[in-house]
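Remarks on the overall topology
Here is how the chains run, residue by residue.
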Amino acid sequence: MDSSLIIGAFLGVVIVGYLLFIRSQDLPTPEPVSPFKYLDERRASIYESLRDLQFEYRVDKLSDADYQTTKLELQKELARVMAEVDRIKAELGTGSTVVAPPPPPVPAQKNVCPACGAKFEKALKFCGECGKPMGASV
Ligand SMILES: [Zn+2]
């Protein structure tokens, strides 16, 4: 039964090809994790700690000195987080991301003869049809 062998081989090729195709399609593109997410969480937790601290101070659970010291620590930590955010923002702003090329200039219709309306592949100084000036500065 030669034909079944051929069919089997053909199916094998199709299946392998299909699997390879699926593989290449299914490769997970890694979700870009925002570097700010972690920092945002840090910042949020610092704000929370500051709130807790103020509450404890207000209900007289903390001494003045303790309150000031801890508050200073938290504010320093907050400043560090904010500086890190700024640093990452600056990094992202200065070319680690691909800058999209400027859009192509809108064709100024200099490839269309104003006199006879003939259209050309590119801007011309003079019309190839009627010889009138077309305004291209080339
Ligand atoms: Zn013309």
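In this text, all values refer to a predicted model and were calculated from it rather than measured experimentally. Numbers given to residues run from 1 along each chain, matching the order in which its sequence is written. pLDDT decides what is reported in this predicted model: residues at 70 or higher carry local features, side-chain atom pairs at 80 or more are listed and counted, and totals for whole chains, interfaces and linings draw on all residues regardless.

Considerations on the overall build of the protein chain
Put simply, the rule reads: Under the scheme used here, helices are H or I runs from DSSP no shorter than 4 residues and strands are E runs no shorter than 2 residues, and both carry numbers assigned from the N terminus. Buried means a residue has 20 or more other C-beta atoms within 10 Å of its own C-beta, exposed means 12 or fewer, and partly exposed covers the counts in between; C-beta atoms are placed from the backbone.
For the protein chain, the helix and strand inventory stands at three helices and zero strands. Helices (α) and strands (β) of the protein chain occur, in sequence order from the N terminus, as α-α-α. Considering the protein chain as a whole, with its 138 residues, one finds that 2% of them fall into the buried category.

Points about unusual backbone geometry
A negative phi angle characterises most non-glycine residues, just as the trans form characterises most peptide bonds. Unlike most non-glycine residues, Asp60 shows phi in positive territory, near 65°. Along the polypeptide, Asp60 turns up in the loop between helix 2 (35-58) and helix 3 (64-96).

Points about the confidence of the model for the protein chain
Under the convention used in this document: One confidence number per residue, pLDDT, is output by the predictor and ranges from 0 to 100.
Looking at the protein chain as a whole, the pLDDT averages 82, with 78% of positions reaching at least 70. Across the protein chain, element-level confidence peaks in helix 2 with a mean pLDDT of 92 and bottoms out in helix 1 (residues 2-26) with 77.

Comments concerning helix 2
Here is the rule we go by: In this analysis, the expected span of each helix is defined as 1.5 Å times one less than the number of residues it contains.
With 24 residues, helix 2 should reach 34 Å at 1.5 Å per residue; the first-to-last C-alpha distance of 35 Å fits that figure. One or two residues past the end of helix 2 sits Asp60, with phi positive at roughly 65°.

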